[in-house]
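Geometric and topological summary
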Amino acid sequence: MNQVIYLDNAATTRTRPEVADAMMPFFTEHYGNPSSVYEFAAPCKQAIARSRETIAKSLGAKANEIYFTAGGTESDNWAIKAAAEAYQAKGKHIITSKIEHHAVLHTCEYLEKLGFEVTYLDVDENGVVKIEELKKAIRPDTILISIMFANNEIGTIEPIKEIGEIARERGVLFHTDAVQAYCHIPINVDEYHIDMLSASGHKLNGPKGIGFLYIRTGLKLRSFVHGGAQERKRRGGTENVPGIVGLGKAVELAVATMDERAGKERELRDYLIGRVTAEVPFVRLNGHRTCRLANNTNFAFQFIEGESMLIMLDMNGICGSSGSACTSGSLDPSHVLLAIGLPHEIAHGSLRLTLSEENTKEEMDYVVEKIKEVVDRLRSMSPLYEDFMKNNQA
Ligand SMILES: *Cc1c(COP(=O)(O)O)cnc(C)c1O
């Protein structure tokens, strides 16, 4: 068994060795600036074009609709701020959900300060956006709907096709943060009526600090980073050539292995969920049981602090997360868990374990044993648990 059991693939993933290998020559050998005219820079230019093609093909998009960025956060910022600016003459109303990533939520809050109005849609107890509420929320001045493809904490997959159809019918732009879904679930931007889509390399076994924004042809978005003429003048700055090459390679591999990978992950996921929910008392699974990312588990253990659990699991070589990486370190419970209706004290006892195809059943067995030990140990120290047991015996 590996020394570390890595179960935090929603936070980031291991860069595949083939991806690192593909990147290496673009540090050492092909280090030219792609904007240069001489022949020496040609391999860089070609490599960027190839990556763009690969990504476009994976989405049913055109190559010139793919814009490289520094990752998911930048893509979300760009999509939402630029759409707000470009379409504010039509209106200043934006619709999103309460369970978005902070890259979306904090961008929307920023726009509120600039005079935009934002509706944060409720989700049901499984984390699914309520379609009827979405329909009711659309107004003549609504310019953008931004709903994530799949949630990074609880793994719930949203009804993106329906949302896209509604947006299209009502003439509203539709952006989706697909950082968790892209290359894990098949996505076609035309079939789902997606106008803008954010993705990130390091969530699909690619490098960190690289991602892209898909922008449908015809959208009048301004450039996000002002500078040179790179990315068809919409995102200035010398291209992250090794990153772009790595992202392209990661996408190529991920697309080729998608079904098989998801199948393996789903099997392990269901095994882990089955054992934990059967063998640990007072636990619930957060998120939708079936409309769920193949690699996501998220549990709420009553009478326990998720943070304490994480530390004790870490001492046993297990990497997990409570809430999301961005909220760890703060004492607020996850906004996602609160949005699905968990009371604060239960939301605090949550543990997210996100798998990869590299995990094994033996690892899951080890993890379940450790979870049982840790839960017993923490509950034995919990006055809440003691009270509860006393009252229930009476
Ligand atoms: C990780 C993540 C992001 C941020 O992506 P970065 O590339 O780390 O900036 C945005 N949205 C979701 C849903 C994520 O999981």
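Please refer to the structure higher up on the page.
Let us look at the structure shown here. (Residues numbered from 1 in each chain as written. Predicted model: local features only at pLDDT ≥ 70, side-chain atom pairs only at ≥ 80, totals over all residues. Heavy atoms only, no water.)

Here's the deal with helix H5 (residues 102–113)
Selection rule: Helix and strand labels come from DSSP, where a helix needs a run of H or I of at least four residues and a strand needs a run of E of at least two; each type is numbered from the N terminus. What a helix should span is 1.5 Å times the count of its residues minus one. Working definition: with a 1.4 Å probe on protein chains only, accessible area under 20% of the residue-type maximum means buried, over 50% means exposed, and in between means partly exposed. Note on contacts: a residue pair qualifies if any of its non-hydrogen atoms lie within 4.5 Å across the two residues.
Between its terminal C-alpha atoms H5 stretches 16 Å, which fits the 16 Å expected from 12 residues at 1.5 Å a residue. Among the residues making up H5, those that are buried are His102, Ala103, Val104, Leu105, Thr107, Cys108 and Leu111. Looking at the buried side of H5, the elements it contacts are helix H4 (72–87), strand S3 (93–97), strand S4 (117–121), strand S5 (142–146), strand S6 (173–177) and helix H10 (335–339). A positive phi of about 105° marks Gly115, the residue just after H5.

What about the site of the ligand?
This is how the line gets drawn: We call a residue near a molecule or strand whenever a single non-hydrogen atom of that residue lies within 4 Å of it. Within 3.5 Å is the distance limit for a polar contact, defined as a pair of N or O atoms, with the added protein rule that one can donate a hydrogen and the other accept it, and that residues adjacent in sequence qualify only through two side-chain atoms. All accessible areas in this document rest on Shrake-Rupley with a 1.4 Å probe, and a residue is counted as covered only by the protein chains that are shown.
Every one of the 13 residues lining the ligand counts as a neighbour, but Thr73, Asp177, Gln180, Ser200 and Lys203 are closest to it. Between an oxygen atom of the ligand and a main-chain N or O atom of Gly72, the distance comes to 2.8 Å. Within the side chain of His202, a nitrogen or oxygen atom sits 2.8 Å from an oxygen atom of the ligand. Calculation on the ligand without its partners gives an accessible area of 380 Å², and the protein chains cover 87% of this total.

Quick word on the sheet that holds strand S12 (residues 350–354)
Working definition: the strands of a sheet are paired by backbone hydrogen bonds and lie parallel or antiparallel to each other. Inclusion rule: Being paired, for any two strands, means DSSP has found at least two bridges between them. Here an angle of 0 to 180 degrees is reported between the N-to-C directions of two axes, which are lines fitted to C-alpha atoms, with helices fitted over the stretch in contact.
On the basis of which strands lie adjacent, the open sheet formed by 3 strands has the order S9-S10-S12 and antiparallel pairing. For this open sheet the edge positions go to strand S9 (283–285) and S12, each flanked by a neighbour on one side alone. The mean angle between the axes of side-by-side strands here comes to 25°, regardless of whether they run parallel or antiparallel. Both S9 and strand S10 (residues 296–301) contribute to a ladder of 3 bridges, which runs antiparallel. Each residue of the ladder has a partner; that of Val283, found in S10, is Phe301.

Quick word on a nonpolar patch on the surface
Rules: Residues enter patches when their relative accessible area tops 30% and they take part in no salt bridge; the joining distance is 9 Å for like charges and 5 Å for the nonpolar side chains Val, Leu, Ile, Met, Phe, Trp and Tyr. In what follows, salt bridge is the name for a side-chain nitrogen of Lys or Arg lying within 4 Å of a carboxyl oxygen of Asp or Glu.
On the surface, a nonpolar cluster with roughly 500 Å² of combined accessible area is contributed by Tyr31, Val37, Tyr38 and Phe40. Tracing the chain through its elements places Tyr38 in the loop between helix H2 (25–28) and helix H3 (42–59). Overall, the relative accessible area of 45% leaves Tyr38 in the partly exposed class.

So, the sheet that holds strand S2 (residues 66–69)
One open sheet holds the 7 strands; their spatial order is S2-S8-S7-S6-S5-S3-S4, and the pairing between them is mixed. If you trace the sheet from one side to the other, it starts and ends with S2 and S4, each paired once. For this sheet, the mean inter-axis angle between neighbouring strands, taken without regard to orientation, is 20°. As defined by bridge partners, strand S7 (residues 196–200) adjoins strand S8 (residues 211–215) across 5 bridges and the pair is classed as antiparallel. Looking at the pairing, Ala199 lines up with Phe212 of S8.

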